[in-house]
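Each chain, letter by letter, is given below.
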Amino acid sequence: MYMAYGWPQVIPLELPNCPSTQQIVYFKVVNSLLLVVAPTHIELWSSSQHRVRLGKYKRDVDSIQREGENLRAIWSPDTKLIAVLYMVNLVAGYRLSGSAAVLQTSSFHLHIFKVQRAATKIYIGGKQPTGLFLSNISLVLSEQVPFANKNLTVSNFVCDNKHMLIGLSDGSLYTISWKGEFGGAFFLDMLPNDGNDLNKLSNHYSNGTVASGLQMDDGPNHTNHVVSQTSGIVHLEFSITLRLLFVLFSDGDLIQCSVSKRGLKHAESVIVEKRFASGEAVCASVAPDQQMLAVGTQKGAVELYDLADSASLIRSVSLHDWGYSVEDTGPVNCIAWTPDNSAFAVGWKLRGLTVWSVSGCRLMSTIRQIGLSSVSSPVVKPNQDFKYEPIMGGTSLMHWDEHGYRLYAMEEGSSERIIAFSFGKCCLNRGVSGTTYVCQVIYGEDRLLIVQSEDTDELKILHLNLPVSYILQNWPILHVAASKDGMYLAVAGLHGLILYDIRLKRWRVFGDITQEQQIQCRGLLWLGKIVVVCNYVESSNTYELLFYPRYHLDQSSLLCRKPLLTNPMVMDVYQDYLLITYHPFDVHIYHVKITGELSPSSSPDLQLSTVRELSIMTAKSHPAAIHFIPDQLPHDDMSRSDTSSTHEPSKCLILRINGDLSLLDLDDGRERELTHSVELFWVTCGQLGEKTNLIEEVSWLDYGHRGMQVWYPSLGADPFKQEDFLQLDPELEFDREVYPLGLLPNAGVVVGVSQRMSFSVCTEFPCFEPSPQAQTILHCLLRHLLQRDKREEALRLAQLSAEKPHFSHCLEWLLFTVFDAEISRQYSSKNQGAVANHTPSLLEKSCELIRNFPEYYDVVVSVARKTDGRHWANLFSAAGRSTELFDECVRQRWYRTAACYILVIAKLEGPAVSQCCALNLLQATLNESLYELAGELVRFLLRSGREYENSSTDSERDSPRLLGYFLFPSSFRKQSNDAKSHIDSYVLPFHLTYGSPSSKEPSAHIASVKNILESHASYLMSGKELSELVAFVKGTQFDLVEYLQRERYGSARLEDFASGLEMIGQKLHMGTLQNRLDAEFLLANMCSVKFKEWIVVLATLLRRSEVLYDLFRHNLQLWQAYSRTIQAHEAFAEYHDLLEELEGRLSLTAYTEDT
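A quick note: this is a predicted structure, and the numbers were derived from the prediction, not measured.

A few words on the overall build of the protein chain. In terms of helices and strands, the protein chain carries 26 helices and 56 strands. Counting over 1155 residues, the protein chain shows a buried share of 54%. Once local pairs closer than 6 in sequence are excluded, the contacts in the protein chain between residues at least 24 apart make up 57%. Here the protein chain has roughly 51,800 Å² of accessible surface; of this, 49% comes from carbon and sulfur atoms.

Okay, here's the thing in structure tokens:
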């Protein structure tokens, strides 16, 4: 797995000394060297830790004008020679039948350059050596290529150690030796040797774009005339390892040829095997380790073919599902595989590049993903901020460095710079470096990216830089292994070894740098508290195992040195057993015995004893990873057995390079195929002894193009059963942008990572940021246990997870998946005879399990609202009667959950019962001051009541607004109100009567709702709980004006002005903004009904002098009473300034009227 991080870096190239085509001819990375062939010059750069230019060859202007620009180039496999092809356009004049004519022909010249390392060393700052030397690039050969046809165009070069091959526009291939000898041209014999080899396309898996596929045409119907003079060769792809040559023609035909051991020199060495004839291919790239061919098409998709299976189509990938079509990106322009062939980069002609895993997971993309509704996606619009998107103009060339830490890319039409993207790799449990699924680590060239998973609902990535003193001498990081508990990391670079304590945040290094330089690590393992190093001894060309205690890295503390037969392919460790696999497939298992205590104060001794040796003869591909599978015992046997004793594992899991997963029985050597197209897997059984391991019931998990798969142990005839997450849990499959890194067994989640980009106005390019994400698998484990009738184990597992943040979601998914499967089962067996079965169903078992937790009531109603109401009866027959669940929610004061049951009750019990429940819930919510919820209940009751009365049949229509409110309730804390204070009586000193408006007699259901609301309003008004009254009116849309008109002499009465002003002033603190807004709201309503007593009090509190002035100017008697009351009470001294203002305005008004 490869994930981009950080900002892209730029390598500037030298500008041409004369006008030229802005297109890089060739560039490649080999042995930490980067070769760039531009139209007018050649540059050689270092692609190691220090990126410096080591040498260049620049042609003069006369040479360019005389011989033309660089057209094609290739680098020899030993990096000593560079072949460059030039094209010179020749103009010849001649006379025919008295008329003059001009004929333009082309002449091709071949230059071969030699790359020699100079004696000049390169230092950093003049002091620190880098191990780099300047290089000289010199011309050693210049010859004209004797092409028979002068009007030709040429394809790219391919080569082996002795010869080069180039395709011509007339459909022929031309061979040239590295000594400058021209072998001549030859045409491919398009008639295959074996006419019975008819290829058939297999079912392929696409990421959303169903590509047409490159149809294979082999067999007797294929004839030589298919390659015409107009069908020229435009691209060649050659794999020395597989000895396969792929020839792409200008009409989109792609041909696969085998090359004999004699090489590319002889025409008879190249034999046509298969022909792809869809006319869509535009480029191709082969992955020799995976034996896979990636073919870029004119439609912008990439199709993967299995070369080990008759070149059958595996799957296709494209950006179609991300909203980008071929009009946006253009056709595929280039494809580059990573060094380990586990991922490939795709560059398009018009825009951007993307990195995909073999399974089809999109790991990285330079194209901005903002959404289909955004103006910047997917259509390219000018004059916007696309300058921050790398490779905006398309990708012309790409190449990975030898370690896969850098992807070098050239933008289409640009020869000024190379853009380098930094990548980190994940410990995928492959090869000789083991790791654990507990600690998720991505490692770059000089740093570790560690997933911080203390809190599983908010994962973070920590960038951990290695000590400069170590990485400067031993760049880059080559191997990383995590201890079993995930608390220690072992990191190895070019030489030596370094340990990191995650808990203490400390590094441990070799004290003696001489000992460090003697270690060339080829693999790392953890054996408890011991680090196992696979070391390569360069002096003797041998391999050995070194066992170091983690508390001391020194030769004096070396516990054991074990010579190895040769370079091991795969290693693994389980408890005290060590597995080593040699080529082709020889398995050696050792038992490790330690005597003495592993501590600095003692002298422990470690001994290895051979347990067994197996030599397996198979024609399958080599193993990429092997892991022990502990023998699975029933829980009773495990509890009775001695936990301290270790048992030799009798099985191991094998993942081969081509993705095949199999189970090997170490006792009899038999291998059982399990599945295919797997990228990585995690063995989970027997890995942790803690009781908090939530996935102990699982044997292993694997990930591939089908998503995540989980394997469960069984003690029956079939010891291992597979369960596909994708099949049973459609929502569990990882998003195609999220790649799984490992597991958190204590949380029961899978941790994955996806790409994010952050943009800044001060940088040209965005910053690539890996973003970790967690996905739970707890519901799958619980369902599996219930299927096996292990209810107690399922309950213990659920109790261990009860405090996890995702627990409620897991229970909901458990019940939903089981209920959905139950619905499907009933539907499929509807037309079949029912068979009496008195055993509890899986749905009943699930409800019984979830009932042990307080989330039960919320989970049941959440599942109900996600399913069709026609099936609710089946759900609640197992979960319990809806009214009983509703009553329990009300009793527990879970009012929002109880509100969700109203619709279920209306469906199952009838509208009359639902209205009764809603009325009870309305009263309870009012008592708890949940006025928003009360308002939704009021609207539901009024609407459902009218529908029930107006319809002759039972109406089961639900309120959409209520449904929306109930189905997505906001989080709240259950709260209870204190006991309400008793209601006091008040007598006003002045009485003003107004007629109450007449109203129609309401219907019964409306009357019930109004009675509840008015009763609560009277309760609040009597206690002068004015803030709650305002919230109540706003939440329930209660008609306060009508109520005030009717209760003017009832609950709304004020005993007298002085006590009313004092009491309401205490209830509404005017220093708070919300209280002032509430007072303004009440004042507006009091003015609507001309309730003068309240108007005077509220206007005084708000210091609304204009309201008081308007009231007193027409009632001087009221003004005099008001003035005397304010002056008589010391508590009202703060209002004296208001009184003076009013007195001044009223006096002025009286003087004006007299005048």
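Within the structure shown, the criterion is met by 40 salt bridges. Notably, a salt bridge pairs glutamate 67 with arginine 66, separated by 3.9 Å at the nearest N-O pair. On the basis of relative accessibility, which here comes to 15%, the residue glutamate 67 falls in the buried class. Between arginine 825 and glutamate 822 there is a salt bridge; the shortest N-O distance is 2.5 Å. With arginine 825 and glutamate 822 both in helix α9 (residues 807–828) and three residues apart, the pair spans about one turn of that helix.

What follows is about the environment of leucine 744. Relative to the elements of secondary structure, leucine 744 occurs in strand β54 (residues 739–744). The buried category is assigned to leucine 744, whose relative accessible area is 8%. Put simply, leucine 744 and glutamine 775 are 31 residues apart on the chain and 10.0 Å apart in space, counted from C-alpha to C-alpha.

Per the counting criterion, the structure on display carries 27 aromatic pairs. Connected via pairs of aromatic rings, a cluster forms that spans Tyr931, Phe1032, Phe1038 and Tyr1043. Over the face of the ring belonging to phenylalanine 133 we find arginine 117, whose NZ or CZ atom lies 4.2 Å from the ring centre. The ring of phenylalanine 1091 has arginine 1048 sitting right over it, with the charged end atom 4.7 Å from the ring centre.

Let's shift gears to helix α8 (residues 791–800). Within α8 the residues assigned to the buried category are Ala794, Leu797 and Ala798. All buried residues of α8 lie within an arc of 100° about the axis, which places them on one face of the element.

What links the strands of a sheet is backbone hydrogen bonding, and the strands pair in either a parallel or an antiparallel sense. If you walk across this open sheet you meet the three strands as β54-β55-β56, and the pairing is antiparallel. The sheet terminates laterally at β54 and β56 (767–776), the two strands that pair on one side only. Direction aside, the axes of adjacent strands within the sheet are offset by 35° on average. In terms of strand pairing, β54 meets strand β55 (residues 749–758) through five bridges, oriented antiparallel. Pairing of glycine 742 across the sheet is with valine 751, part of β55.

This part takes up the sheet that holds strand β42 (residues 570–574). In space, the four strands of this open sheet follow the order β42-β43-β44-β45, with antiparallel pairing throughout. Looking at which strands have only one partner, the edges of the open sheet turn out to be β42 and β45 (605–615). When the angles between neighbouring strand axes are averaged without regard to direction, this sheet yields 20°. One ladder, built from 10 bridges, connects strand β44 (residues 586–595) with β45; its direction is antiparallel. Counterpart to lysine 593 in the pairing with β45 is glutamine 607.

Right, let's get into a nonpolar patch on the surface. Side chains of Ile124, Val468 and Leu472 sit close together on the surface and give an oily, nonpolar patch of about 230 Å² of accessible area. Position of leucine 472 relative to the elements: it lies in helix α3 (residues 468–474).

Take the packing of helix α7 (residues 778–787) against helix α10 (residues 842–850) next. Where α7 meets α10, the axes come as close as 10 Å, and the angle between the chain directions of the two elements is 120°. Relative to α10, the element α7 lies oblique. Between α7 and α10 lies a crossing of right-handed hand. The segment α7 lies against α10, with Leu782, Arg783, Leu786 and Gln787 engaging Leu842, Lys845, Ser846 and Leu849. Here the residues of the contact of α7 with α10 sort into four nonpolar, two polar and two charged.

Burial within strand β23 (residues 312–317) is extensive, with six of its six residues counted as buried. Of the pairings in the sheet, the one linking strand β22 (residues 302–306) to β23 comprises five bridges and is antiparallel in character. Considered in β23, the bridge of valine 302 is made with valine 317. Hairpin connection between β22 and β23: a loop of five residues separates the two successive antiparallel strands, and serine 310 in this loop has a positive phi of roughly 55°.

Attention shifts here to the environment of leucine 1138. Inspection of the secondary structure puts leucine 1138 in helix α26 (residues 1136–1154). Assessed through its relative accessible area of 4%, leucine 1138 is described here as buried. Separated by 34 residues in the primary sequence, leucine 1138 and arginine 1104 have C-alpha atoms spaced 9.0 Å apart. Discounting chain neighbours no more than four positions away, the residues touching leucine 1138 are Thr1100, Arg1103, Ser1105, Leu1108 and Tyr1122.

Moving on: helix α23 (residues 1092–1102). Counting buried positions along α23 yields 10 of 11 residues, so the element is predominantly enclosed. For α23, every residue scored as buried is listed here: Glu1093, Trp1094, Ile1095, Val1096, Val1097, Leu1098, Ala1099, Thr1100, Leu1101 and Leu1102. Looking one or two residues past α23, arginine 1103 carries a phi angle of roughly 55°, positive in sign.

A few words on the nonpolar core. Counting 161 residues, the largest nonpolar core has Phe421, Tyr901, Phe1032, Trp1094, Phe1112 and Tyr1122 as its most contacted members. Sequence-distant contacts of phenylalanine 1112, defined by excluding residues within four places in its chain, comprise Val1096, Leu1118, Trp1119, Tyr1122, Leu1142 and Leu1146. Counting residues in each nonpolar core, the second largest holds 38 residues, with Tyr86, Phe157, Tyr174 and Ile176 among its members.

What follows concerns the side chain of serine 1051. Assignment of secondary structure puts serine 1051 in the loop between α20 (1040–1046) and α21 (1057–1067). Judged by relative accessible area, serine 1051 falls into the buried class, the value being 13%. Reaching out from serine 1051, the side chain makes a polar contact with the side chain of tyrosine 1043 at a distance of 2.6 Å. In contact with serine 1051, not counting residues within four places along its chain, are Ser1018, Met1021, Ser1022, Lys1024 and Tyr1043.

Next up on the list: the pairing of strand β34 (residues 479–482). Of the two faces of β34, the one lined by His479 and Ala481 and the one lined by Val480 and Ala482 are each fully buried. Where β34 and strand β35 (residues 488–492) come together, four bridges link them in antiparallel fashion. Bridged to alanine 482 within β35 is leucine 489. The turn joining β34 and β35, which pair antiparallel and follow one another in sequence, is formed by five residues; a positive phi near 75° is taken by glycine 486.

Omega for the peptide link from tryptophan 475 to proline 476 comes to -5°, which places this bond in the cis form. Here proline 476 is to be found in the loop between α3 and β34. Residue proline 584 is reached from histidine 583 by a cis peptide bond, and omega for that bond is 0°. Phi angles above zero are rare outside glycine, and serine 929 is one such case at about 65°.

Let us now look at the packing of helix α14 (residues 895–908) against helix α15 (residues 911–927). The contact between α14 and α15 brings their axes to 8 Å, and the two run at 165°. Viewed along their axes, α14 and α15 adopt a mutual orientation that is roughly antiparallel. Between α14 and α15 the crossing geometry is left-handed. Together, Tyr895, Ala898, Ala899, Ile902, Ile905 and Ala906 of α14 and Pro911, Val913, Ser914, Cys917, Ala918, Leu921, Ala924 and Thr925 of α15 make up the contact between the two elements. Grouping the amino acids of the contact of α14 with α15 by side-chain chemistry returns 12 nonpolar, two polar and no charged.

Criteria and cut-off values
Residues numbered from 1 in each chain as written. Predicted model: local features only at pLDDT ≥ 70, side-chain atom pairs only at ≥ 80, totals over all residues. Heavy atoms only, no water. Helix = DSSP H or I, 4+ residues; strand = E, 2+ residues; numbered from the N terminus. Buried < 20%, exposed > 50% of the residue type's maximum accessible area, 1.4 Å probe, protein only. Contact = heavy atoms within 4.5 Å. Areas by Shrake-Rupley, 256 points an atom, 1.4 Å probe, with all protein chains shown as cover. Salt bridge = Lys/Arg side-chain N within 4 Å of Asp/Glu carboxyl O. Phe/Tyr/Trp six-rings, centres within 6.5 Å; stacked < 30°, edge-to-face > 60°. Lys NZ or Arg CZ within 6 Å of the ring centre and 35° of its normal. Arc of directions from axis to C-beta. Pairing = 2+ DSSP bridges. Axes fitted to C-alpha atoms, helices over the stretch in contact; angles between N-to-C directions. Patch = residues over 30% accessible without salt bridge, like charges linked within 9 Å, V, L, I, M, F, W, Y side chains within 5 Å. Parallel < 35°, antiparallel > 145°, perpendicular 65-115°, else oblique. Left-handed = near helix turned anticlockwise from the far one by under 90°. Nonpolar A, V, L, I, M, F, W, Y, C, P; charged D, E, K, R; others polar. Core = buried A, V, L, I, M, F, W, Y, C linked by side-chain atoms within 4.5 Å. Polar contact = N/O pair within 3.5 Å; in protein donor to acceptor, adjacent residues only side chain to side chain.

Spatial relationships are all this shows, so hold off on functional conclusions.
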